[in-house]
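The lines below spell out each chain.
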Amino acid sequence: ALQLQMNPHFIFNVLNGIKALGNSGKTDELNKTISQFSVLLRSILSNSRKEEISLKDEIDTLKNYLELEQKMNSKTFTYTIETSLNNIDTEEILIPPMIIQPFIENSIKHGIQLNTTNGVIHINFEVKSNFLHCRIKDNGIGFHQSKKENNIKEHQSVALSVTKERIENLSKYNSFSIEEITENKQIIGTKISFKLPLKTDY
């Protein structure tokens, strides 16, 4: 039920971006984007019926989503996805679907879009001590600052709180944290981290 509350918000946001692209009159780009979105939508709807998917499927969905955001976003940004999995294949690790995307969306909408420099998002998955550690870092204005400026809309706040609740239900280790990254007393980004009990299909 928590998962189903989140997916419509995600779809709504992407459709809004496609609408803006259509209004700009870029027909070829619009058609390519719609095709890419249809692939993404199929994967989301398929994954939402499952309690768990492979980490590979989650990463593929994230890449598709991020590429769509790069096309539609007014601010340019780059992203990296790194894994350090102790020689376990991404197809063998099982995680709940759509557990990372709301945090990435928040980084883009409420951190990077408000930043004057080119955005960078770094996503890392690491297997350590029988847990899958997940980290999302960005170089945006900082989570707390974006909240102060009332830039987090209600629907995205719902998505974040729902996802945080999902993580807390899955992992009873109080592992979820959001912290601002500072350098020389200046906020240079936000880091979100949490861990899930490692689960594999072998």
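Our subject is the structure listed above.
This one's a predicted model, so the numbers in the text were calculated from it and none came from an experiment.

Topic: the overall build of the chain
Phase 1 of the analysis: If you tally the helices and strands in the chain, you get 6 helices and 7 strands.
Phase 2 of the analysis: Start at the N end of the chain and walk to the C end: the helices and strands fall as α-α-β-α-β-β-α-β-β-α-α-β-β.
Phase 3 of the analysis: Long-range pairs, those at least 24 residues apart, make up 74% of the contacts in the chain with a sequence separation of at least 6.
Phase 4 of the analysis: Total accessible area on the chain stands at roughly 10600 Å², and carbon and sulfur atoms take up 48% of it.

As for the packing of aromatic side chains
Phase 1 of the analysis: For the structure on display, the rule yields 3 aromatic pairs.
Phase 2 of the analysis: On the basis of an interplanar angle of 50 degrees and a centroid distance of 6.0 Å, the ring pair of Phe 103 and Phe 194 is categorised as tilted. Of the two residues, Phe 103 sits in helix H4 (residues 101–112) while Phe 194 sits in strand E7 (residues 186–197), which places them 91 residues apart along the sequence. Here Phe 103 matches Phe 194 in class, with each residue buried.
Phase 3 of the analysis: Considering the side-chain rings of Phe 176 and Phe 194, the 6.4 Å spacing of their centres and the 20 degrees angle between planes classify their relative orientation as stacked. Remark: Phe 194 occurs in strand E7 and Phe 176 occurs in the loop between helix H6 (154–170) and strand E6 (177–183); sequence separation between them is 18 residues.
Phase 4 of the analysis: Judged by its relative accessible area of 17%, Phe 176 is buried.

Points about the pairing of strand E4 (residues 119–128)
Phase 1 of the analysis: Of all the 10 residues making up E4, 7 are buried; the element is thus mostly covered by neighbouring parts of the structure.
Phase 2 of the analysis: Here E4 folds back onto strand E5 (residues 131–138), and the loop between the two strands holds 2 residues, one of which, Ser 129, carries a positive phi near 55 degrees.

Comments concerning the nonpolar core
Phase 1 of the analysis: By size, the foremost hydrophobic cluster in this structure holds 40 residues, and its most contacted members are Leu 66, Ile 100, Ile 104, Ile 121, Phe 125 and Phe 194.
Phase 2 of the analysis: Looking at which element gives the most residues to this core, the answer is helix H3 (residues 55–72), with 6 residues.
Phase 3 of the analysis: Once residues lying within four places of it in the same chain are set aside, the contact partners of Ile 121 are Leu 66, Phe 77, Thr 78, Tyr 79, Thr 80, Ile 104, Ser 107, Ile 108, Ile 112, Ile 136, Lys 137 and Asp 138.

Some details on H4
Phase 1 of the analysis: The terminal C-alpha atoms of H4 lie 15 Å apart, and with 12 residues this matches the ideal 16 Å at 1.5 Å per residue to within 8%.
Phase 2 of the analysis: Across the 12 residues of H4, 11 count as buried, placing the element largely inside the fold.
Phase 3 of the analysis: By the burial criterion, the buried members of H4 are Gln 101, Pro 102, Phe 103, Ile 104, Glu 105, Asn 106, Ser 107, Ile 108, His 110, Gly 111 and Ile 112.

Some thoughts on the environment of Asn 118
Phase 1 of the analysis: Among the secondary structure elements, Asn 118 is positioned in the loop between H4 and E4.
Phase 2 of the analysis: Distance in space between the C-alpha atoms of Asn 118 and Phe 77 is 5.5 Å, their sequence separation being 41 residues.
Phase 3 of the analysis: Residues in contact with Asn 118, not counting those within four places in the same chain, are Thr 76 and Asn 139.
Phase 4 of the analysis: A distance of 2.8 Å separates the side chain of Asn 118 from the side chain of Thr 76, its partner in a polar contact.

What about unusual backbone geometry?
Phase 1 of the analysis: The phi dihedral of Asn 86 falls on the positive side, at around 55 degrees, and the residue is not glycine.
Phase 2 of the analysis: Residue class for Asn 86 comes out exposed when judged on its relative accessible area of 54%.
Phase 3 of the analysis: A positive phi angle, close to 65 degrees, is found at Lys 185, a residue other than glycine.
Phase 4 of the analysis: With respect to the helices and strands, Lys 185 occurs in the loop between E6 and E7.
Phase 5 of the analysis: Lys 185 sits in the exposed class, given a relative accessible area of 83%.

Rules used in this analysis
- Residues numbered from 1 in each chain as written.
- Predicted model: local features only at pLDDT ≥ 70, side-chain atom pairs only at ≥ 80, totals over all residues.
- Heavy atoms only, no water.
- Helix = DSSP H or I, 4+ residues; strand = E, 2+ residues; numbered from the N terminus.
- Contact = heavy atoms within 4.5 Å.
- Areas by Shrake-Rupley, 256 points an atom, 1.4 Å probe, with all protein chains shown as cover.
- Phe/Tyr/Trp six-rings, centres within 6.5 Å; stacked < 30°, edge-to-face > 60°.
- Buried < 20%, exposed > 50% of the residue type's maximum accessible area, 1.4 Å probe, protein only.
- Pairing = 2+ DSSP bridges.
- Core = buried A, V, L, I, M, F, W, Y, C linked by side-chain atoms within 4.5 Å.
- Expected span 1.5 Å × (residues − 1).
- Polar contact = N/O pair within 3.5 Å; in protein donor to acceptor, adjacent residues only side chain to side chain.

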